[in-house]
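Residue-level listing of the chains:
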Amino acid sequence: MTREEKSQVIQDLTAVLADTNTLYLADISGLNAQTTSNLRRACFKAGVQLSVVKNTLLAKAMEASDKDFGELPTTLKGNTSMMISEAANAPAKLIKEFRKKSKKPLLKGAFAEESVYIGDEQLDALVDIKSREELIGEIIGLLQSPAKNVISALQSGGQTLSGIIKTLSEK
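Residues numbered from 1 in each chain as written. Predicted model: local features only at pLDDT ≥ 70, side-chain atom pairs only at ≥ 80, totals over all residues. Heavy atoms only, no water.

J.: Account for the pairing of strand S5 (residues 115-118), naming residues and giving values.
T.: Here strand S4 (residues 106-112) pairs with S5 via 4 bridges, running antiparallel. Pairing of Ala 110 across the sheet is with Tyr 117, part of S5. Following S4, the chain reverses through 2 residues before pairing antiparallel with S5; Glu 113 in that reversal takes a positive phi of roughly 55°. (Pairing = 2+ DSSP bridges. Helix = DSSP H or I, 4+ residues; strand = E, 2+ residues; numbered from the N terminus.)

What follows is the structure, given as structure tokens:
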């Protein structure tokens, strides 16, 4: 690979890093062809982009990026695959589900929701991260709950004004 080609790859990786808020680094070395194919298929279905990267080029792209990846570049040793997704917890869920059948992929580290997670033991914490859509759904559910209580109280009090007032005063 020529110096110009390396420079172009670093620029491309820097652009990818600038466009994403979720980056997982995983070790998928040692997987056979069938298992690797299954992993790629699972990533595609989950909306996770999986690509193998050269550690030195990714480290230079992280340095050139305007994001603070903290200790994440220190995990760039050995075989490294990069997983990118819109949802912060999608790659973690995929890894956890895939590991029910295989010992890999191993999580090296992740950059999700502007936080850095180092090590495979962080997988459960990453699975528990809620996506923006999940948070909005929970907030809407919490806001609807009091309204549903008032409506049910009004309906259980009967159709008379005194029944409604009595039911509301009890609540």
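J.: Provide a residue-level description of the environment of Phe 69, including the pertinent values.
T.: With respect to the helices, strands and loops of the structure, Phe 69 is situated in the loop between helix H3 (55-64) and strand S3 (81-84). When near neighbours in sequence (up to four residues on either side) are disregarded, Phe 69 contacts Leu 17, Leu 23, Met 62, Phe 111 and Val 116. (Contact = heavy atoms within 4.5 Å.)

J.: So, the sheet that holds S3: which residues are in play, and what are the values?
T.: Spatial strand order, S2-S3-S1-S4-S5: 5 strands in an open sheet with antiparallel pairing. The open sheet has two edge strands, strand S2 (49-52) and S5, and neither has a second partner. Along the sheet, successive strands turn relative to each other by an average axial angle of 15°, direction set aside. Note that S2 and S3 share 4 bridges and pair antiparallel. Residue pairing for S3: Ser 51 is matched across the bridge by Met 82. (Axes fitted to C-alpha atoms, helices over the stretch in contact; angles between N-to-C directions.)

J.: With reference to specific residues and values, describe the pattern of salt bridges.
T.: Taken as a whole and assessed by the stated rule, the structure comprises 4 salt bridges. In this structure, Lys 100 engages Glu 97 in a salt bridge whose closest nitrogen and oxygen atoms are separated by 3.1 Å. Residue classification places Glu 97 among the partly exposed positions, given a relative accessible area of 45%. A salt bridge links Arg 99 to Asp 120, with the shortest nitrogen-to-oxygen separation between them at 2.7 Å. (Salt bridge = Lys/Arg side-chain N within 4 Å of Asp/Glu carboxyl O. Buried < 20%, exposed > 50% of the residue type's maximum accessible area, 1.4 Å probe, protein only.)

J.: Just give me the short version of H3, but keep the residues and values in it.
T.: Restricting attention to buried positions, one finds in H3 the residues Asn 55, Leu 57, Leu 58, Ala 59, Ala 61 and Met 62. Lining the buried residues of H3 we find helix H1 (3-19), strand S1 (22-27) and S3.

J.: Give me H1: which residues, what numbers.
T.: For an α-helix the count is 3.6 residues per turn, leaving residues at separations of three or four pointing the same way. In this model H1 runs 25 Å from its N-terminal to its C-terminal C-alpha over 17 residues, within 8% of the 24 Å that 1.5 Å per residue would give. Every buried residue of H1 is accounted for by Ile 10, Leu 13, Thr 14 and Leu 17. What you see down the axis of H1 is that its buried residues fit within an arc of 105°, all on one side. Exposed residues pointing more than 90 degrees away from the buried face of H1 are listed as Glu 4 and Asp 19. Looking at the buried residues of H1, the elements they touch are S1, H3 and S3. (Expected span 1.5 Å × (residues − 1). Arc of directions from axis to C-beta.)

J.: Tell me about the packing of helix H2 (residues 33-46) against helix H4 (residues 90-98), residues and numbers included.
T.: Running from N to C, H2 and H4 point in directions that differ by 145°, and their axes come no closer than 10 Å. Note that H2 runs across H4; the crossing there is right-handed. Residues Thr 35, Asn 38, Leu 39, Ala 42, Cys 43 and Ala 46 of H2 form the contact with H4, whose participating residues are Ala 90, Leu 94 and Phe 98. Of the residues in the contact of H2 with H4, the class split is 7 nonpolar, 2 polar and no charged. (Left-handed = near helix turned anticlockwise from the far one by under 90°. Nonpolar A, V, L, I, M, F, W, Y, C, P; charged D, E, K, R; others polar.)

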